[in-house]
Amino acid sequence: MRRIYPVNLFFLRALYDKLPHLELLTGQIMPNFKIVTRFAPSPTGFLHIGGARTALFSYYFARRHGGAFRLRVEDTDKKRSTAEATQAILDGMDWLGIQHDGDVVYQSQNADHHRAAAQAMIESGHAYKCYLTPEEIAAERQKSHDEGRAFRSSWRDGGISPKDAPFVVRFKVPEGQTIIHDEVMGEVKWSNKDFDDLILLRADGSPVYMLAVVVDDHDMGVTHVIRGDDHLINAGRQKLIYQALGWDIPVFAHVPLIFGPDGKKLSKRHGALSIDAYADMGYIPAGLRNYLTRLGWSHGDMEIFGDSEVTSIFELGDINKAPARLDFDKMAFINGEHMVRSAYHTLLSYAQRFFENKNNGPMNCAQMDRLIAALPHITSRANTLIELADQAFFVTRERPIEITGKAKKSLKPDAEVRLRDLHFILSGVKQDAWLDQNILEHLQAYITKEDIGFGKIGAPLRACLTGGAPSPDLSLVLELLGQEEALGRIEDCLNTYF
RNA sequence: GGCCCUAUCGUCUAGCCUGGCCCAGGACACCGCCCUCUCAAGGCGGAGACACGGGUUCAAAUCCCGUUAGGGCUACCA
């Protein structure tokens, strides 16, 4: 099994800080990595659940091969990019537990290089200046649409350039056809006739995405481009640009989009789009990583797994070609499996805010002690942190406890004598014998002596101990509550309801 | 309109490349039983799918063609 971090990465990281930023983009920084992947979100919002999965795939693939996983912010569209969005994405990745290698690369900072590439293509005849006015473009676009063909500018074969007129730089799509061998989709073929003469540089000289990705991926030494399949056609366009520039073409892997539970494209309508929405629903990072990875990727019958397992087997070819739907039931189940497997302080740190929320505020020491004791016993009863807080409620709620619903119905008149007897018996148990098994023996001795079923004492006792909140075995409830608290709750009940 | 991608239980999927081991396996959810002091958990069992139509073949979920249905792209967005 591979190490998550090659040792020399730490050395390289120290090196980064000392280098000017642009050097980072030369791709020579990570010479030891045969495999380099990247996640390249545009900072226009939060970290999307689909983006998170793509990032996860890129991350695992890089780790699998001892490669580097890089993060690049695609902020060439300044109007739509915000610093808050960038931070939200960084925070989302951090929470999910995906660590990128090296510094974050900002695409906008490499604009000079993008322009240089465009210039090189003009010089080599692979790109041209286009002086079409917006009206002329609209007309030509309409015409090409009607004729069922791609956009072509009348300037692609040159002409006498108007003085001082604004122009854009367009890519001159060559004749022929373009084939890529996508790791997920397989062989995909286009006729170049179907590609527009796309814009490389805007009229203000700023680079457009299609150019910037190619240049940046090349500069960063990206070997495997893993992204959403909404980019599939872009792979064809970009291959042409790589060829025009005379650069090596990376391996492409286009992963299908995720759909909502209803099979429709994921949208605001589905509510949970951002990673923190899932955090708020009580999922833990390890669980979400497992679910997201398993959604659209499989390895035999493997369902529950952690990072190290995935890291040892992940291959792009095992990603499914068809889009997958989100299934919250399964997500919860997998999350539950990971909650049980979590180190207990890890679980506690994620669960803390849910406990406090349930408690309507911070907990005191007594509550905290009881909670910590109870945690190992209730975790298997919950699939999300919200459920965990519900399951823990019986132990943290404060006296006097309000008894509600079905629980209240069990407090029939004949229960009073049982509760008084039990209070007496339990009072006699020594502090250091206040343990699940021992308590159970006392309870059983009582029902044997009285010749009654456990139900006769179980229901009312549980009612005054928990108030009707979910709870485990009765004797365990007693142990977890502690003798003093348990007896107190029984007294409260006796005083209030009888 | 043009180009491209996809299609196995309700859902996620295995199998498809290299036809026969598949009257299709696993997981979630669902139903039943067991356990039982509540609710869970756990154990056991059940129902449930090759989108449709043509081919090719002794044999097709698997190969080919078409149909249908979803989806993507078609910006001086990414």
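Residues numbered from 1 in each chain as written. Chains lettered and ligands numbered in written order. Predicted model: local features only at pLDDT ≥ 70, side-chain atom pairs only at ≥ 80, totals over all residues. Heavy atoms only, no water.

A. Region of interest: the sheet that holds strand 8 (residues 199–201). Strand order across the open sheet formed by three strands is 4-5-8, with antiparallel pairing between neighbours. The sheet is open, and its two borders are formed by strand 4 (127–130) and strand 8, each paired with just one other strand. Ignoring strand direction, the axes of neighbouring strands in this sheet form an average angle of 40°. Relative to strand 5 (residues 168–171), strand 4 runs antiparallel, the two sharing four bridges. Paired with Lys129 across the bridge in strand 5 is Val169. (Pairing = 2+ DSSP bridges. Helix = DSSP H or I, 4+ residues; strand = E, 2+ residues; numbered from the N terminus. Axes fitted to C-alpha atoms, helices over the stretch in contact; angles between N-to-C directions.)

B. The pairing of strand 9 (residues 224–228), seen in detail. Of all five residues that make up strand 9, five are buried, and the element is covered over most of its length. Assessed by its sense of winding, the connection that carries the chain from strand 9 through helix 8 (residues 232–245) to strand 10 (residues 251–255) is right-handed. (Buried < 20%, exposed > 50% of the residue type's maximum accessible area, 1.4 Å probe, protein only. Right-handed = clockwise from strand over helix to strand, strands pointing away.)

C. Spotlight on helix 17 (residues 415–427). With 13 residues, helix 17 ought to run about 18 Å at 1.5 Å a step, and its terminal C-alpha atoms sit 18 Å apart, in line with that. Turning to helix 17, its buried residues are Ala415, Arg418, Leu419, Leu422, His423 and Leu426. Summarising the axial view, the buried residues of helix 17 lie within an arc of 135°, below the 170-degree limit, and thus occupy one face. Structurally, helix 17 contributes buried residues whose contacts are with helix 18 (436–450), helix 19 (454–466), helix 20 (474–481) and helix 21 (483–497). (Expected span 1.5 Å × (residues − 1). Arc of directions from axis to C-beta. Contact = heavy atoms within 4.5 Å.)

D. Spatial organisation of the protein's contact with RNA strand B. Near RNA strand B there are 56 residues, and of these Asp77, Arg202, Lys265, Arg381 and Arg462 occur at the shortest range. A share of 65% of the atoms of RNA strand B within 4 Å of the protein falls on sugar and phosphate groups. One of the side-chain nitrogen or oxygen atoms of Lys321 is found 3.2 Å away from a phosphate oxygen of RNA strand B. A total of four residues in the surface near RNA strand B trace back to one element, the largest contributor, which is helix 8. Tallied by class, residues from the surface near RNA strand B come to 22 nonpolar, 11 polar and 23 charged. (Near = heavy atom within 4 Å. Polar contact = N/O pair within 3.5 Å; in protein donor to acceptor, adjacent residues only side chain to side chain. Nonpolar A, V, L, I, M, F, W, Y, C, P; charged D, E, K, R; others polar.)

E. Here's a closer look at the layout of surface pockets. Its boundaries defined by the atoms lining it, the largest pocket holds a volume of some 1000 Å³. Together, 35 residues line the largest pocket, and Ala40, Pro41, Ser42, Asp230 and His231 are the ones closest to its centre. Those elements that place two or more of their residues in the lining of the largest pocket are strand 1 (36–39), helix 3 (49–64), helix 7 (209–219) and strand 9. The element that contributes the greatest number of residues to the lining of the largest pocket is helix 3, accounting for four residues. Residues of the lining of the largest pocket, tallied by class, amount to 15 nonpolar, 11 polar and nine charged. If you trace the second largest pocket, you find it lined by Cys130, Tyr131, Leu132, Thr133, Pro134, Ile137, Ala165, Pro166, Phe167, Val168, Ile199 and Ala203. Across the lining of the second largest pocket, the residue classes break down as 11 nonpolar, one polar and no charged. (1 Å grid on protein atoms, 1.4 Å probe; cavity = no way out; pocket = protein on both sides within 12 Å on 5 of 7 lines; lining within 4 Å. Points joined across faces, edges and corners; volume = space filled by probe spheres on them.)

F. Expanded view of the pairing of strand 2 (residues 68–73). Within strand 2, six of the six residues are buried, leaving the element largely enclosed by the surrounding structure. Alignment of strand 1 against strand 2, held across four bridges, turns out to be parallel. In the sheet register, Phe39 faces strand 2, and the bridge partner there is Leu71. By the bridge criterion, two bridges tie strand 2 to strand 3 (residues 105–106) in an arrangement that is parallel. Its bridge partner lying in strand 3, Arg72 is registered against Val105. In the classification by handedness, the crossover that spans strand 2, the intervening helix 4 (residues 83–96) and the parallel strand 3 is right-handed.

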